[in-house]
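The residues making up each chain are set out below.
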Amino acid sequence: MTHGFIHTNGHPAHLSVEQLRRALRARGATPLPQCTYDPELHVGPRRTVETAEQRAARVQVAREVCAECPARRLCGLYALRVRPSTGIWAGRTAAEISKGVTELDELEVA
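Just so you know, these numbers come straight off a predicted model, no measurement behind them.

A. View of the overall build of the protein chain. Across its full length, the protein chain carries 5 helices and 2 strands. Shown N-terminal to C-terminal, the secondary structure of the protein chain runs as helices and strands in the order α-α-α-α-β-β-α. The 110 residues of the protein chain split such that 37% are buried. Residue pairs in contact within the protein chain that sit at least 24 positions apart in sequence constitute 45% of those at least 6 positions apart. If you sum the accessible surface of the protein chain, you get close to 7,000 Å²; carbon and sulfur atoms cover 52% of it.

Here it is as structure tokens:
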């Protein structure tokens, strides 16, 4: 049985507050993830272009926020399952998640 954002196609930052509450309650967590309060921190700005320095700073802050998130494990499992192409998920970039999945796949094959 899956709950909440496990079966959605988006970052937890884009879910409604009620969807997140249900997902986290089902997992025994009650506080909302910080990404719900500042989605652009985790998925990037929608209407402006970031410089490399701005992006690096945003990613670092997002990692720090994720480090204390009550949904970190759930978010990370979801990211491993869907292999996102953008965003910060459980403190990792989509590229880091993709690389980690590839490394895990290689270990399983070997």
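B. Quick peek at unusual backbone geometry. Phi is positive for R83, which is not a glycine, with a value near 50°. Take R83: its relative accessible area is 45%, and that puts it in the partly exposed class. Look at A90: it is not a glycine, yet its phi comes out positive at around 50°. In this structure, A90 sits in the loop between β1 (88-89) and β2 (92-93). Since its relative accessible area comes to 7%, A90 is described here as buried.

C. Here's a closer look at the nonpolar core. One finds C75, Y78, A79, W89, A90 and I97 forming the largest nonpolar core, which totals 6 residues. Sort the elements by how many residues they give to this core and helix α4 (residues 72-82) lands first, with 3 residues. One finds L41, V59, A62 and C66 within the second-largest nonpolar core, a separate group that totals 5 residues.

D. The arrangement of the environment of R83 in detail. Within the secondary structure layout, R83 lies in the loop between α4 and β1. In the structure, R83 is positioned 16 residues away from K99 in sequence and 9.9 Å away in space, judged by C-alpha atoms.

E. Spatial organisation of the packing of aromatic side chains. Following the criterion strictly, the structure yields 1 aromatic pair and no others. When the centroid spacing of 5.6 Å and the interplanar angle of 40° are considered together, the rings of Y78 and W89 count as tilted. Pair noted here: Y78 is in helix α4 and W89 is in strand β1, with a separation of 11 residues, a long-range link.

F. Broad picture of α4. Of the residues making up α4, those classed as buried are L74, C75, G76, Y78 and A79. Just beyond α4, the residue with positive phi is R83, at close to 50°.

G. Representation of the pattern of salt bridges within the structure. On inspection of all chains with the given rule, the structure shows 2 salt bridges. As a salt-bridge pair, R58 and E50 come within 2.6 Å of each other at their nearest N and O atoms. On the basis of relative accessible area, R58 is assigned to the buried category, the value being 13%. For E96, the salt bridge goes to R63, with nearest N and O atoms at 2.8 Å. Residue E96 is found in helix α5 (residues 94-109), and its partner R63 is found in helix α3 (residues 52-67); the two are separated by 33 residues along the sequence.

Conventions used here
Residues numbered from 1 in each chain as written. Predicted model: local features only at pLDDT ≥ 70, side-chain atom pairs only at ≥ 80, totals over all residues. Heavy atoms only, no water. Helix = DSSP H or I, 4+ residues; strand = E, 2+ residues; numbered from the N terminus. Buried < 20%, exposed > 50% of the residue type's maximum accessible area, 1.4 Å probe, protein only. Contact = heavy atoms within 4.5 Å. Areas by Shrake-Rupley, 256 points an atom, 1.4 Å probe, with all protein chains shown as cover. Core = buried A, V, L, I, M, F, W, Y, C linked by side-chain atoms within 4.5 Å. Phe/Tyr/Trp six-rings, centres within 6.5 Å; stacked < 30°, edge-to-face > 60°. Salt bridge = Lys/Arg side-chain N within 4 Å of Asp/Glu carboxyl O.

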